[in-house]
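Structural features, examined
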Amino acid sequence: MAQAANGTLYRGREGMWSWVAHRVSGLLLFLFLFAHVLDTALVRVSPDAYNEVMEAYKNPIVGLGEAGLVAAVIFHALNGLRIIAVDFWSKGPRYQRQLFWAVVIGFVVLFAPFAIRHLTIVFTH
């Protein structure tokens, strides 16, 4: 860390951005699960209301949201494995940067094919 005249100046790198993205993806997943529980609970209250909500979800904006949800799940899962490696592997802290880039590459490899297929369906139907 570099020292500034008035204290410590932290220049975030991969670790900081990974930390932020992990928290954001976790929050997004929590919000989705909350909404999912509520809309699924409608089945017991009113099947007609449930069917209306499901019909409202069939639009491109929700399709983009679904892609975002899958992106959050993939990143959160891969980054969680990175965190486990850093915490429980004795050499993990030394390889934080390489592990971060492995997460990025794994994310692209897993998400790109899904995004292409999903968004093709969303915008052609």
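In this report, we go over the structure that sits alongside the text.

Criteria and thresholds
- Residues numbered from 1 in each chain as written.
- Predicted model: local features only at pLDDT ≥ 70, side-chain atom pairs only at ≥ 80, totals over all residues.
- Heavy atoms only, no water.
- Salt bridge = Lys/Arg side-chain N within 4 Å of Asp/Glu carboxyl O.
- Helix = DSSP H or I, 4+ residues; strand = E, 2+ residues; numbered from the N terminus.
- Buried < 20%, exposed > 50% of the residue type's maximum accessible area, 1.4 Å probe, protein only.
- Axes fitted to C-alpha atoms, helices over the stretch in contact; angles between N-to-C directions.
- Parallel < 35°, antiparallel > 145°, perpendicular 65-115°, else oblique.
- Left-handed = near helix turned anticlockwise from the far one by under 90°.
- Contact = heavy atoms within 4.5 Å.
- Nonpolar A, V, L, I, M, F, W, Y, C, P; charged D, E, K, R; others polar.
- Polar contact = N/O pair within 3.5 Å; in protein donor to acceptor, adjacent residues only side chain to side chain.

What about the pattern of salt bridges?
Following the criterion strictly, the structure yields two salt bridges and no others. Among the ionic pairs, Glu14 bridges to Arg97, the shortest N-O distance being 3.3 Å. Note that Glu14 is positioned in helix H1 (residues 14-45) and Arg97 in helix H4 (residues 96-124), a separation of 83 residues in sequence. A relative accessible area of 40% places Arg97 in the partly exposed class. Across the salt bridge formed by Glu55 and Lys58, the nearest N and O atoms sit 3.5 Å from each other. Take Lys58: its relative accessible area is 63%, and that puts it in the exposed class.

Remarks on the packing of H1 against helix H3 (residues 60-88)
Running from N to C, H1 and H3 point in directions that differ by 130°, and their axes come no closer than 9 Å. Accordingly, the angle class assigned to the pair H1 and H3 is oblique. Seen along the crossing, H1 lies across H3 with a hand that is left-handed. The residues of H3 that touch H1, namely those facing Ser18, Ala21, His22, Ser25, Gly26, Leu29 and Phe32, are Leu69, Ala72, Val73, Phe75, His76, Asn79, Gly80, Arg82 and Ile83. A class-by-class count of the residues in the contact of H1 with H3 yields eight nonpolar, seven polar and one charged.

Concerning the environment of Ser25
For Ser25, the location among the structural elements is in helix H1. It is 6.0 Å that separates the C-alpha atoms of Ser25 and His76, two residues lying 51 residues apart in sequence. Setting aside chain neighbours within four positions, we find Ser25 in contact with Ala72, Phe75 and His76. At 2.8 Å, the side chain of Ser25 and the side chain of His76 are in polar contact.

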